[in-house]
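Notes for the structure review
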Amino acid sequence: MASKTLYSQRDPALKKRDDFEDILEERRNFSDLRYALRCYTPVLYKGMTPCKPSMLKTIVLQSEQLHYVVNQVSKETGEATDIIQEEAVVILEEMAQRLQLSTIRFFAFTLSKAFKALFQSIRVNEEGIQRLQQAIQEHPVVLLPSHRSYLDFLLMSYILYTYDLALPVIAAGMDFLGMKFVGEMLRMSGAFFIRRSFGGDKLYWAVFSEYVKTMLRNGYAPIEFFLEGTRSRTCKSLTPKLGLLNIVMDPFFKGEVFDVNVVPISISYERVLEEALYARELLGVPKPKESTSGLLKARRILSEDYGSIHVYFGQPVSVRSLAQGRINRSQYNLVPRHIPAKPSEDALDFVSDTAYRLVRKQEENMVLRPWVLIAAILMQNLDGMDSALLTEQTAWLRGLARAFGAFLDWPDNEPAAKAVSSSLALHRDLVRTEGGRVLLTEQPPESSSPEEALFNRAVAALSCASYRNQILHVFLRPALAAVAMDAAATSRKDDVYGSFALLRDVFSNEFILCPGAASRTGVVTLARRERDTRDFEEACYLLMKCGAVQILKQDIVVTERGRPVLSFLSGMLEPFLQGYQVVCRYFREEANEGLTEKQYVPAVRSFAVKRILSDGLKCYEALSSDLQKNALAALLRMNALKKVKVVDLVTLKVNKTAVKTLEDALGCKVPVQKPVLARL
Amino acid sequence: MASNYNSAERQRIAQQRLKIIAGHLQKDEDGEPTRIFANDCKAEATDRHSSSTSTMPKRRQEVMKWNGWGYSDSRFLFNKKGQAEFTGKRYRLSGMILPSLKDWFEGTFGASLQHKTPAATSLSSSAVQPPSLNEDFVQDLKATGIPYSHEAEDRVFRAHGHCLHEIFALREGKFGRVPDMVVWPNCHDAVVKIVELASKHNVCLIPYGGGTSVSSALECPQEETRSIVSVDTSQMNRILWIDEKNLTAHVEAGIVGQELERALNESGYCTGHEPDSMEFSSLGGWVATRASGMKKNIYGNIEDLVVHIRMVTPRGVIEKSCQGPRMSTGPDIHHFILGSEGTLGVVTEVTMKIRPVPEYQKYGSVVFPNFEQGVACLREVARQRCAPASIRLMDNAQFQFGHALKPQVSSIFTSFLDGLKNIYITKFKGFDPHRLCVATLLFEGNRERVLQHEKQVYDIAATFGGLAAGEDNGQRGYMLTFVIAYLRDLGMDYYVIGESFETSVPWDRVLDLCRNVKERIVRECKDKGVQFPPLSTCRVTQTYDAGACVYFYFAFNYRGLADPVHVYEQVEHAAREEILANGGSLSHHHGVGKLRKQWMQESISSVGLGMLKSVKDYVDPDNIFGNRNLLSSRNQHRTAARAGVPVSPQ
């Protein structure tokens, strides 16, 4: 059932995908109340030991695992064990879910109403549902949806309830609990709450991981969490967080379950509910704290049209078959399994590689509307463009996207002009047509100061960018190759690869790229070396396939047809290249000694504002805190910055030469140094 | 009066034990009428305290199947009415009809009585390679008067153990490399001579005891170019003396288990060592494989039972100078011999502990609502160190299998009682018939203590939801182990192949291991294209302080498969990997042989393997004992070492 599809590659255009079915259609025709009260009898995991949420807590509190840590903490702190055990009880109380069918029924009713008001359709691939149903019976299942909106997890439970599937328990951030009544509602619909950070807190970690593992081992319910950790404000996938994935795989590594099936799920919104909020948040208007009244205010959104949602349940992936030959499970033979141990190097490596593949699976199955193609084109023409030209280019881009395997929801017989005009209509908040030209809409149209005007333009640009970002994953690797070919000294494949590898390292926080070859111990295994060139090989393959380049023995040669393709592709990455350069320049020119991480984002933002206003730079993405943070992480990772701890303060120390080198490389001013290892 | 009663009781028990466990009747008329003594070993022996024991004939094929398990007269078959019956007179089940076996068989495997796969009926000598003899060796051997043979039938019989692939090949009439010659030494000195001659003429020797190996240990290495001589120890089968003061017996290593017990019983003693193969396996074989007996809880495993071992190696004879019960004289040399699997020499004589035959014996059984509860109970019994002589826990599939072997009930009353029992357990106690499992028990000792002990164990069982389920169920459970090997032959007549394998594992991992291995088997079968779900079942057969021994049965219907044996081997291989990944050992008592030697390094570390190698290199530098069990051959080893050099990343 669960197969090794995570490893399948090759021709993406030929990828077979399932058809969708609209679940709102039935809701529009039949009673919501009857639907909410209908008989619900899901199939369950065959090895399940049925138990109540309260029983789960008891199992966790009595587990050897927890006892061990309680004793350990007691020894370290000198506190009595029963006090620590009591602490564990408190933690668990705060964390645990209390899944109740009645709450689900309540949501089933209210959400039906809300969804019908908000969306044209909610489309689900039913074959995926069938695969999931099978998987749920066979093995413990972990659901991994993409995360773009608050709606995601309610939507997931709603769909599972609709299809009579076992309701999941969901890992949610503690911030939800701030919303008085809603937090508890969510708890009763299966959410369990975890603190955002609990770094060194052994006891918390023990309670949390044991709670999750107990639910998994007992097959209590499918476990759902977001690999990306938080909602992506940019609509790009975020670098996966590994903590929970590690936890759910551990019972398999230790033989406590035969297998675990993980199911990547892609939820694509035609319009994200939080669209405008996100852009503001990225520009430094802090996100409103989750509050019930805030949620009620959001009611006005009910009057808007948010298009369709597509939910694609991917092929369940068997952790067992993925781990075959990669994890030596007998490494767990010599220590009792309840004693917590740091995951081994190979386990960490496996989990991180799997996480990466799963996020890519999510990306692959994201349904893309014509609008994202339009947004991608508009982002390269921020001053507006002729609508006929836009239509023509959209049609052209559709072909390219298809060739690269994009999952486009664009019927073959629908002409480009129609697709473009209906997209523009749906997104009239963002774009307008004036005298045959398509322009981004700024809101409010009049602004008092140049800064404010800039801010308004930036909101529009970042909102538009969030749609381009949805298709970025399709073009990303070829685009990196296109930039690398510009930057490389020669067209020799290993030179290009050198540039490519550098770009990949720089952007590995920004985009989902294969985790690099370097391991913590510095051992380079064969598998890692293969992984190292995986992205590049894929890029070359796609470019070759669409006829943009030819790969001769040693060289990569651009074809005549390929020039517009490559220039479009590099254009797509241009904002990121420029944005990173702005950050580099900030560190070279303006950063003072003693800059802290906290001060960094506002400081670099005001630096960017100045640059844009004075130099006429068109790069609004430099204002995005997401890009700024990613760039900071990249500079730290590449040792151009160092964190220095002075007394209690962590400050950033700049290595200006290194920053300069990187800046030049990104600006293609100097050919990139050949990397030390030509791994081709 | 009391003593009279005692000895009468003892007599009775001795008889009963024989009937029940060893189960087979003495068949003197089948034995070879005239025994040729090669030299004066036997004459010498008469001076000592020597019991008369019956001897396995040199031509074993006259009593035993050449291409299947056990005695020729005992086999399962489906009669004209389609009912299963067990032929012969040797066992409790012999001559009985087993009415539910057919349904179980067809239901479990999807097999059909219409689809037969009969075995080749007789051995065609022409299919056997002609012997490659070392003439000088043969000449010298002749001079010693030690009997030998190079007849095809004798050689083929000693070319295999009872692995599935070995029996499957025989049934198809296919023979690989077989020994070129069989010799029958009848005493220690004869073995010394044989080993001397083999070393002198560079002949390969493979010791052969009961032939019940399930590790490919008896298989002749394909790459062996020298003449291979099988050293059949069956004629060395005397009890040389019994020492009642120290409770030890000195026995020749060729004696088979049931003979040893029978003979000791005559003097009121027993060893208590009862491996499931005890009808055929030999003392020397037990030593060479580190065997384990079902009653080890009272008597210990073979390593606990031996006091002194004598082994002939190419370097000479190895033995200790005294029979002290324990020594601190460096690493125990017995432990080089125990488990050496015929790679170092031939075990010729063993001094073993003996015990008076127990006064009272009682079977028992407990039904648990599920396997988890059953394992928890066994763990508790082990924790309290109150395990009976034997305690075994079958899973649900095996419980049902056991039921299929119930003979026809003679009276309506019994069947009525059975029905009542079923209703009580499933309806009244709420046990799910598809989840419940049963533990079989065997208590031994002084009558009063047995009853006390029994109560203690049943009390523990009750705390885990266990219900006492009667002596009969218990007894049938143990009987199953003796006939299961016969059943495999029946399966093989109808497209069903299977085998058992075992492991030992710490207590906390028993459940996980059982579940994962069973599931892995099912999974692999499906992946390998097996058309019908396999039988994949296990039982916990031994308890220890720190863990348990788990035994798996695995069988499937191979209709539609081109190479069933290969599929079987792949699945067994996967199952073994699963065992190791779940914290199980490579083997609890079957040994490594050639079947499992690829995992030796992983199991005992390369240093550990090196230690064993260096012992082998010293004791047998010319690899006279060349069965190539346990250790990779020298060349392979070096290549592996070379390949182990880390490949530089650049």
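Sequence order sets the numbering: in each chain, residues are counted from 1 along the sequence as written. By the order in which they are written, chains take letters starting at A while ligands take numbers starting at 1. Two thresholds apply to this predicted model, a pLDDT of at least 70 for residue-level local features and 80 or more for giving and counting side-chain atom pairs, whereas whole-chain, interface and lining totals are computed over all residues. Remark: hydrogens and water are excluded; side-chain values derive from all non-hydrogen atoms of the structure.

**Some thoughts on the overall build of chain B**
For chain B, the count of helices and strands is 21 helices and 21 strands. Each residue is assigned to one of three classes by its accessible area relative to the maximum for its type, calculated with a 1.4 Å probe on protein chains only: buried under 20%, partly exposed between the two thresholds, exposed over 50%. Residues counted as buried form 59% of the 650 residues belonging to chain B. Intrachain contacts of chain B at a sequence separation of at least 6 include 78% that bridge at least 24 residues. Accessible areas in this description were obtained via Shrake-Rupley with a 1.4 Å probe; residue shielding takes into account the shown protein chains only. In the structure as shown, chain B presents an accessible area of about 26800 Å², 52% of it carried by carbon and sulfur atoms. Each helix is a run of DSSP H or I of at least 4 residues and each strand a run of E of at least 2, with the numbering of both proceeding from the N terminus. We call two residues in contact when some of their heavy atoms are within 4.5 Å.

**Description of the confidence of the model for chain B**
Residue and element names in this part refer to chain B. Here chain B averages 89 in pLDDT, and 87% of its residues register 70 or above. Ignoring residues within four places in sequence, the model shows residues 23-40, a span with pLDDT below 50, making 35 contacts including any to other chains. pLDDT is defined as a per-residue confidence score from the predictor, taking values between 0 and 100. Below pLDDT 50 for its whole length, residues 635-650 participates in 6 contacts with residues either more than four positions away or in separate chains. The ipTM assigned to the predicted complex is 0.87, against a pTM of 0.88.

**Here we look at the domain arrangement of chain A**
Residue and element names in this part refer to chain A. Just so you know, the domain bounds were taken from an automatic or database domain assignment. We note that the domain assignment places domain 1 (24-35 + 42-273 + 311-362), domain 2 (472-568) and domain 3 (574-667) within chain A. Centre-to-centre, using C-alpha coordinates, domain 2 lies 25 Å away from domain 3. Tallying the contact residues gives 11 residues for domain 2 and 13 residues for domain 3. Buried surface at the junction of domain 2 and domain 3, both sides included, amounts to about 1000 Å², of which 68% is carbon and sulfur. As used here, buried area is the combined drop in accessible area, with a 1.4 Å probe, of two parts when they are placed together. On the domain 2 side of the interface with domain 3, the three residues burying the most area are Val506, Asn509 and Glu510, jointly 51% of the side's total. The term polar contact refers here to a pair of N or O atoms within 3.5 Å; inside protein, the definition further demands a hydrogen-donor-capable atom paired with an acceptor-capable atom, and it admits residues adjacent in sequence only when both atoms are side-chain atoms. At the surface where domain 2 touches domain 3, the tally comes to 5 residue pairs in polar contact (both at pLDDT 80 or more). Elements with a contribution of two residues or more to the side of domain 2 that touches domain 3: helix H19 (450-487) and helix H20 (493-506). The element that contributes the greatest number of residues to the side of domain 2 that touches domain 3 is H20, accounting for 4 residues. Any residue outside Ala, Val, Leu, Ile, Met, Phe, Trp, Tyr, Cys, Pro, Asp, Glu, Lys and Arg is labelled polar, Gly included; the first ten of those are nonpolar and the last four are charged. Of the residues in the side of domain 2 that touches domain 3, the class split is 7 nonpolar, 2 polar and 2 charged.

**Comments concerning the state of the cysteines**
Such a bond, covalent and formed between the sulfur atoms of two cysteines, is termed a disulfide. All names here are of chain B. Cysteine sulfur atoms that come within 2.5 Å of each other are treated as a disulfide pair. Evaluation of the coordinates by the stated rule reveals 0 disulfides over all chains. Cysteine 163 takes part in no disulfide bond, and the closest cysteine sulfur, belonging to cysteine 220, lies 14 Å away. Not part of a disulfide, cysteine 514 finds its nearest cysteine sulfur in cysteine 538, a span of 3.6 Å. Residue classification places cysteine 514 among the buried positions, given a relative accessible area of 1%.

**A short note on the pattern of salt bridges**
Salt bridge, as used here, is a side-chain nitrogen of Lys or Arg placed within 4 Å of a carboxyl oxygen of Asp or Glu. For the structure shown, the criterion picks out 90 salt bridges over all chains. With a closest N to O distance of 3.6 Å, Arg585(A) and Asp615(A) form a salt bridge. With Arg585(A) in helix H22 (residues 562-589) and Asp615(A) in helix H23 (residues 597-615), this pair connects stretches of sequence that are 30 residues apart. For Asp615(A), a relative accessible area of 42% puts it in the partly exposed group. Three or more residues joined by partner-sharing salt bridges are found here, namely Arg320(A), Arg329(A), Arg520(B), Glu524(B), Lys528(B) and Glu578(B).

**Let's talk about the interface of chain B and chain A**
When the parts of a complex come together, some accessible area is lost, and that lost area is often taken as the interface size. Contact residues are listed per partner, giving 15 residues for chain B and 19 residues for chain A. Inspection of the region where chain B meets chain A yields 6 salt bridges. A salt bridge links Lys46(A) to Glu519(B), with the nearest nitrogen and oxygen atoms 3.4 Å apart. At the surface where chain B touches chain A, the tally comes to 13 residue pairs in polar contact (both at pLDDT 80 or more). The dominant element in the side of chain B that touches chain A, judged by the number of residues it contributes, is helix H18 (residues 510-527) of chain B, at 6 residues. Residue classes in the side of chain B that touches chain A are distributed as 3 nonpolar, 4 polar and 8 charged.

**Some thoughts on the sheet that holds strand S18 (residues 467-468) of chain B**
Residues and elements named next belong to chain B. Overall, antiparallel pairing links the 7 strands, which are arranged S18-S15-S17-S16-S20-S21-S19 in an open sheet. On the outer flanks of this sheet lie S18 and strand S19 (496-506), each paired with one strand and no other. One requirement defines pairing of two strands: DSSP has to find at least two bridges between them. Two strands pair when backbone bridges link them, and strand S20 (residues 535-543) and strand S21 (residues 547-557) are joined in this way by 8 bridges, in the antiparallel orientation. Within the sheet, the bridge partner assigned to leucine 535 lies in S21 and is alanine 555. Only the stretch in contact is used when fitting a helix axis, every axis being a line fitted to C-alpha atoms; angles between N-to-C directions are given from 0 to 180 degrees. Across the sheet, helix H16 (residues 447-463) touches strand S15 (360-368), strand S17 (437-445) and S18, and the angle it forms with S15 is around 10°. Helix H19 (residues 564-581) rests against S19 and S21 of the sheet, and its axis sits at about 10° to S19.

**As for helix H25 (residues 656-666) of chain A**
Residues and elements named next belong to chain A. Along H25, the residues that are buried comprise Val659, Leu662, Glu663, Asp664, Ala665 and Leu666. Structurally, H25 contributes buried residues whose contacts are with H20, H22, helix H24 (625-637) and strand S17 (649-654). Directly beyond the C-terminal end of H25, a positive phi value near 60° is found at cysteine 668.

**A look at the environment of Pro221(B)**
Residues and elements named next belong to chain B. Inspection of the secondary structure assignment puts proline 221 in the loop between strand S6 (204-208) and strand S7 (228-232). Distance in space between the C-alpha atoms of proline 221 and lysine 594 is 9.2 Å, their sequence separation being 373 residues. If sequence neighbours within four positions are ignored, proline 221 has contacts with Arg177, Ile206, Gly626, Asn627 and Arg628.

**What to know about the packing of helix H6 (residues 164-171) of chain B against H19(B)**
Residue and element names in this part refer to chain B. Running from amino to carboxyl end, H6 crosses H19 at an angle of 175°, the nearest separation of the two axes being 10 Å. As summarised for this structure, H6 and H19 are arranged roughly antiparallel, according to the angle between their axes. Across the interface between the two elements, Leu164, His165 and Phe168 from H6 touch Pro564, Val565, Tyr568 and Glu569 from H19. Class assignment of the residues belonging to the contact of H6 with H19 gives a composition of 5 nonpolar, 1 polar and 1 charged. Relative orientations are named as follows: roughly parallel for angles under 35 degrees, roughly antiparallel for angles over 145 degrees, roughly perpendicular for angles from 65 to 115 degrees, and oblique for any other angle.

**Overview of unusual backbone geometry**
Excluding glycine, residues mostly carry a negative phi; peptide bonds, for their part, are mostly trans. Residue and element names in this part refer to chain B. The residue tyrosine 495 is not glycine, and still its phi comes out positive at about 70°. For tyrosine 495, the position within the fold is in the loop between helix H17 (471-493) and S19. Although it is not a glycine, arginine 628 adopts a positive phi angle of roughly 55°. Examined against the element boundaries, arginine 628 turns out to sit in the loop between helix H20 (600-619) and helix H21 (634-643). Residue classification places arginine 628 among the buried positions, given a relative accessible area of 18%.

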